[in-house]
Amino acid sequence: MSEPIAFVPRAGFEQADAWLGALRQAMPGETIVPVGAMGEAQRRAVKVAIVANPDPQDLGALPGLCWIHSVWAGVERLVADLGETDLKIVRLVDPQLATTMAEAVLAWTLYLHRDMPAYARQQRDALWHPLPYRRPGARTVGLLGLGALGEAAAAVLRAAGFQVRGWSRQRKAIEGVECFAGVQELDLLLERSDILVCLLPLTPQTTGVLDAARLARLPRGAQLINFARGPIVVEAALKDALDAGHLRHAVLDVFKREPLSADAWEWRHPAVTVLPHISAPTDRETAAQIVAGNIRRWRASGVLPPTVDARTGY
Ligand code: NAP
């Protein structure tokens, strides 16, 4: 019988019981115990914990802990909370999540591509005014981030006929996608992006990367979709660019503070579509299966899945 696995959610996490149930169902041979319900001997024996925004103190109560598996794809909060640590962090990489995000990217790209915000405004004013049509092939979508989610998004955008450009830290080779890499090539991507889609992780390097100067690099009338994290875009610079008409529209799923407060300017700005962080919700069942597979392979071989790089923060 293997040592137990600790389940460490943040206090007050509403879905904790549902996650525990899904994890236990996916790993019937494992003993998964909420950290708060563990006795001293159990806590001492734990080597792996499954976490959902854990309180670092809870992890500190597990002296033999070697690695943690997050049930979320984004780990910036976890990395910040843990600070310098020898703990290995594994994040969720779920093909279902990538498929869900790619669907959202395509849906909201088409929303902007087919001028739906403008037609909604026109209907409010009973205005019959056809806008010029542009083929997707005449429109370039720039993807910031070509990771698990960005690459899946690139594939659906290509299939829909858009010109696709992508940007990552290290250069990628993706068929049909013009790939740019490193901060020195960011402007090249921005200059041609009619629709810019952000799928970057939040790290010290990406915080505020879309500032006034970078937004000014986009073609006049460009549109933005941020499905990554709020602080990647400098909020005041975004508002200025929208107010000035340099940016035509922004679809924002993520914000510096969530939920977005009722008095936030984004709710009422005519050129902003606000979404409540729904572009790619984690699917508990498929995520639990991914976690189970990673733990099974580790039990069998001692090998961990790729871990978060503490230096880069993702
Ligand atoms: P990932 O596989 O780690 O990919 C991240 C991509 O960003 C990689 O291509 C990486 O470049 C690039 N990148 C990172 N730092 C960079 C920098 N300084 N300059 C240029 N490129 C940089 O992450 P993922 O699974 O695709 O997820 C991306 C983010 O989506 C998550 O971190 C999370 O915040 C967000 N997310 C949002 C939702 C939602 O519902 N809104 C849901 C899930 C995830 P390299 O390829 O060179 O490493």
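Coordinates for the structure precede this section.
Residues numbered from 1 in each chain as written. Predicted model: local features only at pLDDT ≥ 70, side-chain atom pairs only at ≥ 80, totals over all residues. Heavy atoms only, no water.

### Side note on the sheet that holds strand E5 (residues 88–90)
Across the sheet, five strands lie side by side as E2-E1-E3-E4-E5; this open sheet has parallel pairing. Of all the strands in the sheet, the pair left with one neighbour each is strand E2 (32–34) and E5. Neighbour-to-neighbour, the strand axes of this sheet turn through a mean angle of 30°, independent of strand direction. In the sheet, strand E1 (residues 5–9) pairs with E2 via three bridges, with the strands oriented parallel. Bridge pairing in E2 links Ala6 to Val33. Helix H1 (residues 16–26) rests against E1, E2 and strand E3 (48–52) of the sheet, and its axis sits at about 165° to E2. Lying over the sheet, helix H12 (residues 284–301) contacts E1, E3, strand E4 (67–70) and E5, oriented at roughly 160° with respect to E4. (Pairing = 2+ DSSP bridges. Helix = DSSP H or I, 4+ residues; strand = E, 2+ residues; numbered from the N terminus. Axes fitted to C-alpha atoms, helices over the stretch in contact; angles between N-to-C directions. Contact = heavy atoms within 4.5 Å.)

### Focus on the environment of Gly313
Along the polypeptide, Gly313 turns up in the segment after H12. Distance from Gly313 to Phe7, taken between C-alpha atoms, is 23 Å for residues 306 residues apart in sequence.

### A few points about the site of the ligand
Around the ligand sit 28 residues in total, of which Arg91, Leu149, Gln170, Lys172 and Tyr314 are the nearest. The contact in question runs from an oxygen atom of the ligand to an N or O atom on the backbone of Leu149, over 2.9 Å. Between the ligand and Ala280 there is a distance of 3.1 Å, counted from an oxygen atom to a backbone nitrogen or oxygen. Protein chains bury 91% of the 940 Å² of accessible surface belonging to the ligand in isolation. Put simply, the parts of the chain that give the shell around the ligand at least two residues each are helix H7 (148–159) and strand E7 (163–168). No fewer than three residues from each of domain 1 (5–94 + 282–301) and domain 2 (95–274) sit in the shell around the ligand. (Near = heavy atom within 4 Å. Polar contact = N/O pair within 3.5 Å; in protein donor to acceptor, adjacent residues only side chain to side chain. Areas by Shrake-Rupley, 256 points an atom, 1.4 Å probe, with all protein chains shown as cover. Domains from an automatic or database assignment.)

### Details of the pattern of salt bridges
Applying the stated criterion across every chain yields a total of 15 salt bridges. The shortest N-O distance in the salt bridge between Arg165 and Glu178 comes to 3.2 Å. With Arg165 in strand E7 and Glu178 in strand E8 (residues 177–181), this residue pair connects regions lying 13 residues apart in the sequence. Here Arg165 falls in the buried class, since its relative accessible area comes to 6%. By relative accessible area, Glu178 is classed as partly exposed at 42%. Here Arg217 ties to Asp187 by a salt bridge, and the two come within 3.3 Å at their closest N and O atoms. Here Arg217, found in helix H9 (residues 212–217), pairs with Asp187, found in helix H8 (residues 186–191); they are 30 residues apart in sequence, far enough to count as distant. When its relative accessible area of 24% is taken as the criterion, Asp187 is described as partly exposed. Connected through salt bridges with shared partners, the residues Asp187, Glu191, Arg214 and Arg217 form a single ionic network. (Salt bridge = Lys/Arg side-chain N within 4 Å of Asp/Glu carboxyl O. Buried < 20%, exposed > 50% of the residue type's maximum accessible area, 1.4 Å probe, protein only.)

### Points about the nonpolar core
Core analysis: the biggest nonpolar cluster contains 33 residues, and Leu210 and Leu238 have the highest contact counts within it. Among the elements of the structure, H8, strand E9 (195–198), strand E10 (222–226), helix H10 (235–243), strand E11 (247–252) and strand E12 (272–274) are those that each provide at least two residues to this core. The greatest single-element share of this core, amounting to four residues, is contributed by H10. Residues in contact with Leu210, not counting those within four places in the same chain, are Leu144, Leu190, Leu196, Leu215, Leu224, Ile232, Val233 and Val234. In this structure, Val105, Ala153, Ile225 and Phe227 belong to the second largest nonpolar core, which totals 26 residues. (Core = buried A, V, L, I, M, F, W, Y, C linked by side-chain atoms within 4.5 Å.)

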